[in-house]
Amino acid sequence: MHEHTGRITVDGLGKRFGAVEAVRGLGFTVEPGLVTGFLGPNGSGKTTTLRMILGLVAPTSGTALVEGVPFASLDSPGRVVGAVLEAQGFHPARSARRHLRVCAAAIGAPDPRVGEVLGLVGLTADADRRVGGYSLGMKQRLALATALLGDPRILVLDEPGNGLDPAGIAWLRDFLRGFARSGRSVLVSSHQLAEIGQTADRVVVIHRGACVYQGELAGLGGGRRARVLVRCAEPVTLARALVAKGLMEVDTLPDGRLSIGGANAVLVGDTALAAGVAVYGLVEEQMDLEQLFLQLTGGVAG
Amino acid sequence: MTAVPSAGLAARMVKAELRRTLSVRMWWALLIPVVLLSLSINVFGGVFSSSLSGVGGETPGVLLASLAYSLSLGSVFAAVHGAVQSSGEFRHRTITTTYLTGGRVPVLLARSGVAAAVGALYALGSVAFGLLAGLLGQGSATFPSAGPLLGLIGTGIAVCALWAVLGVAVGTLMTNQAGAVVLLLVYVLAIENVLSLILKSGSGSGLDAGPPAIARITSYLPANAGDVALYDIPAVVLAGPRYGRDAVESLAGVASPPPGWASLVVLALWAGAGIAAAWVVGERRDIT
Ligand SMILES: Nc1ncnc2c1ncn2[C@@H]1O[C@H](COP(=O)(O)OP(=O)(O)O)[C@@H](O)[C@H]1O
Ligand SMILES: [Mg+2]
């Protein structure tokens, strides 16, 4: 039964492409009011999962439901879900406005909505140019405008940062947060933790097609989230001072630097100053997603 | 947002498909060769005034026959348009957006309907310019009487519309644009002719019982079926009711053709079969 909840429910989802098991036994829900991040390295099955949710790829096992029903049985899909996917093309000879007018007709959105979404993504000035001449970032914004045409309750985005400049990424981040705050759902994939870290309320992490973590972003990686690397005049003195401050994860790297886990640069810098140790270099290192996956899947973090 | 009735869905899909078709040049870019071919074929009465001995250019049947010939060629362009329209979605990877904003089967049906309308337009363009060229160029040619002319126009619209639908089916099934267009052209312009020759090769044995069953199959191949339907009316005007069937045989290159209306049904069955296959394949295909 179709309910207007804006919820996505994935259960036991699997997809096999010949010999490749792209997705296996995947289960998670996307709740309204939240930005759900969908994380995984390249080839981990993110795109395949999103396309199964959107009825573009048929699952070999399990179900993916949008508001309680398969995508294909939605009466008015464009009014329920808007999607920005990789490999979503445009006819090069059609202008952005004409492209949107085609989609508006299909969705049943009124024509003035075309001008609204063009303004929303900042394409008004270029709306009557052929899309063939657009940059990657402009195409990405046109894809977002298309997704928003039907004023949907759910947004699904596959690596939307690709092709956007830093200002565009920041704008998108704010936009997605605002969209979720208005009580609607966002599912956004990325292969970079940093890209999603500031946006997502919850994350689903997949590795080789299977879920390895889901829940609060803060729960990811625990105390090993970051480490500080420091090059200084007297490593032994600084190490003692740090241990005295209660920092237990202090190691000496082969290149002579100190590695301090669970600390931040301010704390390490202040400690060095207090101990009278000259600091030549200080690097704050976020654990990258690859390390995180290794940790989550039981490997050894590098 | 409550459930939209399916009539509303159909209307939305057709409107979207019309906008999709009209917002790119393809539809009139292919109308140009249709018109040019029709002009050049009809201005001299085509091949018919010379090949049919004893029939002068003043016979209205000649103009009807050359109009039928240009409609037959026009239907090839209608098919190419349908194939380009459907396979272009895969070439430009717009199929994802199209499927996200409308169901797969409604999209296929709306596309077939709009392509059929474009095919009908090609038929009308072909006849209008062909008539003009024929009356101007053939000098002594008389305007065909209304009955046969309207019959031919109706048949031409149906044949071009059905070929457009077949084109949509081929483009949806193959997805490769160049492949779909080449296959259509090679089939209609070469393969079916060769096939017809092979099928008829056994009928030259001089039996009084008429052509063997296998030769009769020629009338039921899709391009031949369209030609039989198109030449049905001109043949009767040219050769009279008694020898009309023989004229259709030689004009369409078939053996023992069924009546024109039956050939239209045959072509409609081909188009229906094509859409059914595209429906089944397109509904299950993974869009990755
Ligand atoms: N159409 C396809 N045919 C065969 N293998 C595919 C197809 N699509 C994806 N795959 C494979 O499925 C796996 C997951 O791919 P994908 O979902 O694109 O991952 P991601 O989006 O996380 O990079 C990869 O090994 C990829 O090669
Ligand atoms: Mg991907």
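## Focus: the overall build of chain A
So, step 1. Regarding its fold elements, chain A presents 10 helices and 13 strands.
So, step 2. By its C-alpha atoms, chain A is 70 × 45 × 35 Å across when sized along the principal axes.
So, step 3. Within chain A, the proportion of its 302 residues that are buried is 50%.
So, step 4. Of the accessible surface of chain A, which amounts to about 12,800 Å², a share of 53% is contributed by carbon and sulfur atoms.
So, step 5. Separation of charge centres in chain A, based on 30 positive and 28 negative side chains, amounts to 5 Å.

## Notes on the site of ligand 1
So, step 1. The local shell around ligand 1 consists of A:F17, A:V20, A:A22, A:P41, A:N42, A:G43, A:S44, A:G45, A:K46, A:T47, A:T48 and B:T288.
So, step 2. The backbone of A:G45 places a nitrogen or oxygen atom 3.0 Å from an oxygen atom of ligand 1.
So, step 3. Within the contact set of ligand 1, a nitrogen atom lies 3.1 Å away from a side-chain nitrogen or oxygen of B:T288.
So, step 4. For ligand 1, whose unbound accessible area comes to 560 Å², protein coverage reaches 64%.
So, step 5. Mapped by element, the contributors of at least two residues to the shell around ligand 1 are strand 2 (20-30) and helix 1 (46-53) of chain A.

## Focus on the sheet that holds strand 9 (residues 210-216) of chain A
All names here are of chain A.
So, step 1. Taken in spatial order, the six strands of this open sheet run 5-6-7-3-8-9, and their pairing is mixed. Because the sheet does not close on itself, it has two edges, and the strands there are strand 5 (81-84) and strand 9. Strand-to-strand twist across the sheet, computed as the mean angle between neighbouring axes with direction ignored, equals 15°.
So, step 2. Helix 1 rests against strand 3 (35-39), strand 6 (154-158), strand 7 (185-190) and strand 8 (202-207) of the sheet, and its axis sits at about 150° to strand 7.
So, step 3. The sheet strands contacting helix 5 (residues 136-148) are strand 5 and strand 6, and the helix crosses strand 5 at an angle near 170°.

## Concerning the nonpolar core
Residues and elements named next belong to chain B.
So, step 1. Membership of the largest hydrophobic core comes to 58 residues, with the highest contact counts inside it found for Y122, L152, W163 and L267.
So, step 2. Of all the elements in the fold, those that place two or more residues in this core are helix 2 (26-43), helix 4 (60-91), helix 6 (104-137), helix 7 (146-174), helix 8 (177-200), helix 10 (222-252) and helix 11 (260-284).
So, step 3. No other element matches the 14 residues that helix 7 contributes to this core.
So, step 4. Not counting residues up to four positions away in its chain, the partners in contact with L267 are V159, L162, W163, L166, P222, A225 and G226.

## Concerning the domain arrangement of chain A
So, step 1. Looking at chain A, the domain boundaries give domain 1 (8-219) and domain 2 (227-285).
So, step 2. The straight-line distance from the C-alpha centre of domain 1 of chain A to that of domain 2 of chain A is 42 Å.

## Topic: unusual backbone geometry
So, step 1. You will see that B:T175, though not glycine, has its phi angle at about 65°, which is positive.
So, step 2. When you line up the elements, B:T175 lands in the loop between helix 7 and helix 8.

## Quick look at the confidence of the model for chain B
Residue and element names in this part refer to chain B.
So, step 1. Here chain B shows a mean pLDDT of 88. Residues at 70 or above account for 88%.
So, step 2. At the low end of the mean pLDDT range in chain B sits helix 3 (residues 48-51), at 51; at the high end sits helix 7, at 97.
So, step 3. Scored below 50 in pLDDT, residues 1-5 shows eight contacts in the model against residues more than four places distant or in partner chains.
So, step 4. Under a pLDDT of 50 for its full length, residues 53-57 has, in the predicted model, seven contacts with residues more than four places off or in other chains.
So, step 5. Scoring of the predicted complex yields 0.86 for pTM and 0.89 for ipTM.

How each quantity is defined
Residues numbered from 1 in each chain as written. Chains lettered and ligands numbered in written order. Predicted model: local features only at pLDDT ≥ 70, side-chain atom pairs only at ≥ 80, totals over all residues. Heavy atoms only, no water. Helix = DSSP H or I, 4+ residues; strand = E, 2+ residues; numbered from the N terminus. Buried < 20%, exposed > 50% of the residue type's maximum accessible area, 1.4 Å probe, protein only. Areas by Shrake-Rupley, 256 points an atom, 1.4 Å probe, with all protein chains shown as cover. Lys, Arg positive; Asp, Glu negative; His and termini not counted. Charge placed at Lys NZ, Arg CZ, Asp CG, Glu CD. Near = heavy atom within 4 Å. Polar contact = N/O pair within 3.5 Å; in protein donor to acceptor, adjacent residues only side chain to side chain. Pairing = 2+ DSSP bridges. Axes fitted to C-alpha atoms, helices over the stretch in contact; angles between N-to-C directions. Contact = heavy atoms within 4.5 Å. Core = buried A, V, L, I, M, F, W, Y, C linked by side-chain atoms within 4.5 Å. Domains from an automatic or database assignment. pLDDT = per-residue confidence, 0-100.

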